[in-house]
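A look at the structure
Here are the chains, one letter per residue:
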Amino acid sequence: QVQLVESGGGQVQAGGSLRLSCAASGSIFSIRLMGWYRQAPGKQRELVAIIITDGSANYADSVKGRFTISRDNVKNTVYLQMDSLKPEDTAVYFCNAAIRESWYSGYNNHWGQGAQVTVSS
């Protein structure tokens with residue numbers, strides 16, 4: 001069984017930085033896509049950033065130039081470095097990964113438990 005475990009959330013003042021980590025464990029044959037989503041109170045979950053195996057990444061316009069996604073393919077871990085944080089970045093951040101558990105299976109979508117990020121003004 002695959003698990004995604006997140007760490008690194010917390011509270012910070014506007015202009016500060018936080019780094020989120022998400023480690024995948026369990027039955028993993030390969031991981032194609034890893035990413036971060038967030039959900040603010042009363043809003044829908046939205047994409048923040050995604051990264052594929054070769055390191056190519058895409059970002060939501062609202063975080064471009066401030067957030068950086070990276071991954072360690074050996075550790076099956078994805079990171080989100082968040083700089084110049086704004087109060088509107090306050091949300092629960094969810095890790096997501098498309099994981100293939102064996103050579104004969106397809107890719108399944110997995111989610112982490114969520115990490116609270118709170119940015120105060």
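Note that the structure is a prediction, hence the values are computed from the model and not measured.

Here the focus is the overall build of the chain. Helices and strands together make up the secondary structure of the chain, namely zero helices and eleven strands. Computed over its C-alpha atoms, the radius of gyration of the chain comes to 14 Å, within 12% of the 14 Å expected for a compact globule of 121 residues. Residue burial in the chain is summarised as follows: out of 121 residues, 40% are buried. For the chain, restricting intrachain contacts to residue pairs at least 6 apart in sequence, the fraction spanning at least 24 positions comes to 56%. When the accessible surface of the chain is totalled, it reaches about 6500 Å², and 48% of it is carbon and sulfur. Considering the chain, the positive charge centre built from 11 side chains and the negative charge centre built from 9 side chains are found 2 Å apart.

Right, let's get into the state of the cysteines. Applying the stated criterion across every chain, the model contains one disulfide. The partner cysteine of Cys-22 in its disulfide is Cys-95, sulfur to sulfur 2.1 Å. One quick way to see it: the torsion about the S-S bond of Cys-22 and Cys-95 is about -80°, and its sign makes the bridge left-handed. Separated by 73 residues along the polypeptide, Cys-22 in strand β3 (residues 18-25) and Cys-95 in strand β9 (residues 91-100) bring together distant segments of the chain. Note on accessibility: Cys-22 and Cys-95 belong to one class, buried.

For the rest of this paragraph, the subject is the sheet that holds strand β8 (residues 77-82). With antiparallel pairing, the four strands of this open sheet are ordered in space as β1-β3-β8-β7. At either end of the open sheet lies a strand with only one pairing partner, and these are β1 (3-7) and β7 (67-72). Strand-to-strand, the axes of this sheet are offset by a mean angle of 15°, without reference to chain direction.

Basis of the calculations
- Residues numbered from 1 in each chain as written.
- Predicted model: local features only at pLDDT ≥ 70, side-chain atom pairs only at ≥ 80, totals over all residues.
- Heavy atoms only, no water.
- Helix = DSSP H or I, 4+ residues; strand = E, 2+ residues; numbered from the N terminus.
- Rg over C-alpha atoms; globule rule 2.2 N^0.38 Å.
- Buried < 20%, exposed > 50% of the residue type's maximum accessible area, 1.4 Å probe, protein only.
- Contact = heavy atoms within 4.5 Å.
- Areas by Shrake-Rupley, 256 points an atom, 1.4 Å probe, with all protein chains shown as cover.
- Lys, Arg positive; Asp, Glu negative; His and termini not counted.
- Charge placed at Lys NZ, Arg CZ, Asp CG, Glu CD.
- Disulfide = S-S within 2.5 Å.
- Pairing = 2+ DSSP bridges.
- Axes fitted to C-alpha atoms, helices over the stretch in contact; angles between N-to-C directions.

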